[in-house]
Amino acid sequence: MSVYTALLNRSVAAGCSRVWGAAPRPLLHIRSASVAEPGTRRSDDEQLWEASSFLPFSRARIGSFFQETPVLKNPFLEDALLRGYLRRHLPQGVSREHFLSDLCAFGERVAIEVDKWGRECEVNPPRLVHFDPWGRRVDHIVTSPAWKRMKDLSAQEGLVAIGYERSFGEWSRVYQMSKLYIFSPSAGLYTCPLAMTDGAAKVIQSIGVSWPVDEAFSRLTTRQSERFWTSGQWMTERQGGSDVATGTETVAVSQTDGSYKLHGFKWFTSATDADMTLTLARVQDRTGATTPGSRGLSLFYAEVSRDEDGRLKGIEVQRLKDKLGTRQVPTAELLLDGLPAHRISEEGRGVPCIANMLTITRIHNSISAAAAMRRVVQLARDYATRRTAFGKLLRDHPLHMQTLARMEVETHGAFLLSMDVCRLLGQEESGVATQLDTHLLRLLTPVVKLYTGKQAVAVVSEGLESFGGQGYIEDTGLPGLLRDAQVLSIWEGTTNVLSLDVLRCVARTSGMVLHAYFTHVKLNKNAAVSTLAPAVKAVDGALSQLQMFVQEAATREPGYLDLAARDLAYSLARIYAGALLIDHACWKEASASDTYAALRWCEQDLCPVVTKQARGCYDPSTPPLDSALVYDQSGWLKGVK
């Protein structure tokens, strides 16, 4: 019997090679009620009268029934798809056993210890202290002790380091992202600074690990908690958002020693308590002039440090952002007033240099989306074994189980999409990727990010509904899952921005990314299992439709594809996920549930871009009609020429 098999055969509490506690901790936190008010004493007659009258709700008595809470169990042992995917793809050997046992042990730690920290980060969000007691400006961002423990844990567990140690070759990224997938829903959003740290390390590695960033790279990728750094990503300004080319106003003033000082206003800086940052700025010439557009942007590295008086060097924190969700993450508006920095890109090549960062952070985003879906399904299915309604457990209500099954199908698709991008990234970094693989990675990164971000919001929302009223109560910790999920479709490019990025990707590669896509989907399509025939037929038909659409769209007027971009991206995601689900279901150790999930996924409209094309959604007449529909309600367009 292998070490991994032995682990799975043990109980959850003793199922891993590392033991962190005695029993799984419930996610939900419910205060117990006392029987009598403190400091009061009732007479014997009064107590006897109440007992004989059977009054369960008198005084502080609130009844005998309390709903059982859903229990968070080891996320690794509770995820058959994750375990099956790894068993299928990882090569046999000692490394595989270490890989799996480490994930199992980490899952146990997440359930017993880390999830409690994540809740602490939620209920004790960061706060900004502008001044010390004597009036000096200090701009201290105060975070909870749990947030600091998350940083130490991240280093010790190698949540960034694994991707750069590459001890598992081309599977190192899958290993790293599997740990992040287990960690993310319990992380108190510490996955945000980890994503930017990983992205910064990737950028530094791509341009060359040398002075002035060699020490930073070492700290970003270390497992030593006392040396570990996190990085910020300070790109967003008031005019820009994703449009950094025209929205970046920050300027860089050259110094005599070859360094620079940055002056500007960063409107949205996540994880502002980071140790360093990468940011864009425009280099001023001797007359103070700068080059407009993306050609004027360079990439800079800056450390976040304080002077002898405790003041930030070249930075003023204007305020912390008051956000819908992700309240655990210190996000701030920053005035850069002479921030010391070093230019690490060629002058005017800042935007191409951050491409690697965007790839990494978008993949992290996708993993977080799939993880959020998995967590809410895991809790909902546990709750269905505890909650009784209309005389039977929720799990015995067919309609309820149908709803959870639909959520599970979406989770299957999101997981396989996200992991396949991680697989391609690992192949590229290990030098074993083909040119087709590289093109496929470029195309799928924005597609998977935009699609899983939208899936997560829908699935988590449905998941909250499965808890009834408790899903809407803050004390349970459940509403935070939905608030935090909403950011996944916004950070690192909104759905529309990424849809247009897909079109740019197609244009810049002269269609080679689509060639790679069609080739790969055909290779993944496997009809070896007869029960999968309907799914195979659906994917095959949708793929043919998509090919015809692309050929026809190429002959249309400019702007036609812009209107179709969002639906095109959805079609690419759904067809590819269908192929992955079929492929996984054809694995010799696949379960009946794997086949069922593939069949259910492929029952939906896999190619909505063709469906909506047939309805005339992309005709030249639609943009003015869309505008009229939006603005005519208030008479806004009246008088506008």
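These figures come from a predicted structure and were not determined experimentally.

Colleague: I'd like to hear about the overall build of the protein chain, residue by residue, with values.
Modeller: Assigned secondary structure in the protein chain consists of 22 helices and 11 strands. Counting only residues that meet the buried cut, the protein chain has 53% of its 641 residues in that class. A total of about 29,000 Å² of accessible surface is found on the protein chain, and carbon and sulfur atoms cover 53% of it.

Colleague: Provide a residue-level description of the layout of surface pockets, including the pertinent values.
Modeller: Taken as a whole, the second largest pocket spans an internal volume of roughly 580 Å³. Lining the second largest pocket are 29 residues, with A80, R381, E408, H412 and S593 positioned closest to its centre. Those elements that place two or more of their residues in the lining of the second largest pocket are α3 (80-89), α12 (355-383), α13 (398-430) and α20 (592-601). In terms of residue count, the dominant contributor to the lining of the second largest pocket is α13 (six residues). Looking at the lining of the second largest pocket, its residues break down into 13 nonpolar, six polar and 10 charged. Summarising the domain contributions, the lining of the second largest pocket has at least three residues from each of domain 1 (80-131 + 139-227) and domain 3 (522-626).

Colleague: Got a sec to walk through empty space enclosed by the protein? Specific residues and values, please.
Modeller: Left-over empty space is what a probe sized like a water molecule reveals as it rolls over the atoms. In total, this model carries five cavities of 30 Å³ or more according to the counting rule given. The computed volume of the largest cavity comes to approximately 70 Å³. Together, P75, D79, Y181, I182, P185, A371, R374, R375 and Q378 line the largest cavity. Residue assignment for the lining of the largest cavity shows that the elements contributing at least two residues are α7 (172-183) and α12. Here the element with the most residues in the lining of the largest cavity is α12; it accounts for four residues.

Colleague: If you had to explain the pairing of strand β1 (residues 127-131) to someone new, which residues and values would you point to?
Modeller: Here four bridges tie β1 to strand β2 (residues 137-142), and the two strands are oriented antiparallel to one another. Along β2, the bridge assignment pairs L128 with I141. Counted between consecutive antiparallel strands, the loop separating β1 from β2 contains five residues, among which G135 sits at a positive phi close to 90°.

Colleague: Please give an account of the packing of aromatic side chains that cites residues and values.
Modeller: How two aromatic rings sit relative to each other is set out by the distance from centre to centre and by the angle between their planes. Under the counting rule described, the total for this entry stands at 17 aromatic pairs. When the centroid spacing of 4.7 Å and the interplanar angle of 70° are considered together, the rings of W147 and Y190 count as edge-to-face. Placement of W147 in helix α5 (residues 145-156) and of Y190 in the loop between α7 and α8 (191-207) is noted, with a sequence separation of 43 residues between them. For the pair W147 and Y190, a shared accessibility class is recorded, and that class is buried. Ring centres of Y260 and F300 lie 5.2 Å apart, and the angle between their planes is 75°; on these two criteria the pair is classed as edge-to-face.

Colleague: Describe helix α19 (residues 560-585), and please don't skip the residues or the numbers.
Modeller: The terminal C-alpha atoms of α19, which comprises 26 residues, lie 37 Å apart, in line with the 38 Å expected from a rise of 1.5 Å per residue. Of all the bends found along α19, the most pronounced is centred on R566 and spans about 45°. Within α19, 22 of the 26 residues are buried, which leaves it mostly tucked inside the rest of the structure.

Colleague: Outline the confidence of the model for the protein chain, listing residues and values.
Modeller: Detail in the predicted coordinates should be disregarded across regions flagged by low pLDDT. Looking at the protein chain as a whole, its pLDDT mean stands at 90, while 88% of the residues score no less than 70. Note on residues 11-15: pLDDT under 50 across the span, and nine contacts to partners over four residues away in sequence or across chains. Taken as a whole, residues 19-40 scores under 50 in pLDDT and shows 39 contacts with residues more than four places along the chain or in a different chain.

Colleague: So what's going on with the packing of α13 against α19? Which residues, and what values?
Modeller: At a minimum axis distance of 9 Å, the contact between α13 and α19 shows a crossing angle of 90°. One way to sum up the angle between α13 and α19 is to call them roughly perpendicular. Across the interface between the two elements, H412, G413, L416, L417, D420 and R423 from α13 touch A573, Y576, A577, L580, L581 and H584 from α19. Grouping the amino acids of the contact of α13 with α19 by side-chain chemistry returns seven nonpolar, three polar and two charged.

Colleague: Describe unusual backbone geometry, and please don't skip the residues or the numbers.
Modeller: With an omega of 15°, the peptide bond between W211 and P212 qualifies as cis. Within the fold, P212 resides in the loop between α8 and α9 (214-220). Its identity as a non-glycine residue notwithstanding, L189 has a phi of 65°, on the positive side. Positionally, L189 belongs in the loop between α7 and α8. By relative accessible area, L189 is classed as buried at 14%.

Colleague: Go over a nonpolar patch on the surface, please, and point to the residues and values.
Modeller: Taken together, L629, V630 and Y631 make up a surface patch of nonpolar side chains, about 310 Å² in accessible area. Counting through the fold element by element, L629 comes out in helix α22 (residues 622-631). Its relative accessible area of 59% is what places L629 among the exposed residues.

Colleague: Residue-level account of the pattern of salt bridges, with values.
Modeller: Under the defined criterion, the tally for this structure stands at 39 salt bridges. Here R374 ties to D79 by a salt bridge, and the two come within 3.3 Å at their closest N and O atoms. Within this pair, whereas R374 is found in helix α12, its partner D79 is found in the loop between α2 (44-53) and α3, the two being separated by 295 residues in sequence. You can call R374 buried: its relative accessible area is 6%.

Calculation notes
Residues numbered from 1 in each chain as written. Predicted model: local features only at pLDDT ≥ 70, side-chain atom pairs only at ≥ 80, totals over all residues. Heavy atoms only, no water. Helix = DSSP H or I, 4+ residues; strand = E, 2+ residues; numbered from the N terminus. Buried < 20%, exposed > 50% of the residue type's maximum accessible area, 1.4 Å probe, protein only. Areas by Shrake-Rupley, 256 points an atom, 1.4 Å probe, with all protein chains shown as cover. 1 Å grid on protein atoms, 1.4 Å probe; cavity = no way out; pocket = protein on both sides within 12 Å on 5 of 7 lines; lining within 4 Å. Points joined across faces, edges and corners; volume = space filled by probe spheres on them. Nonpolar A, V, L, I, M, F, W, Y, C, P; charged D, E, K, R; others polar. Domains from an automatic or database assignment. Pairing = 2+ DSSP bridges. Phe/Tyr/Trp six-rings, centres within 6.5 Å; stacked < 30°, edge-to-face > 60°. Expected span 1.5 Å × (residues − 1). Bend = angle between axes of the 7 residues up to and from the residue. pLDDT = per-residue confidence, 0-100. Contact = heavy atoms within 4.5 Å. Axes fitted to C-alpha atoms, helices over the stretch in contact; angles between N-to-C directions. Parallel < 35°, antiparallel > 145°, perpendicular 65-115°, else oblique. Patch = residues over 30% accessible without salt bridge, like charges linked within 9 Å, V, L, I, M, F, W, Y side chains within 5 Å. Salt bridge = Lys/Arg side-chain N within 4 Å of Asp/Glu carboxyl O.

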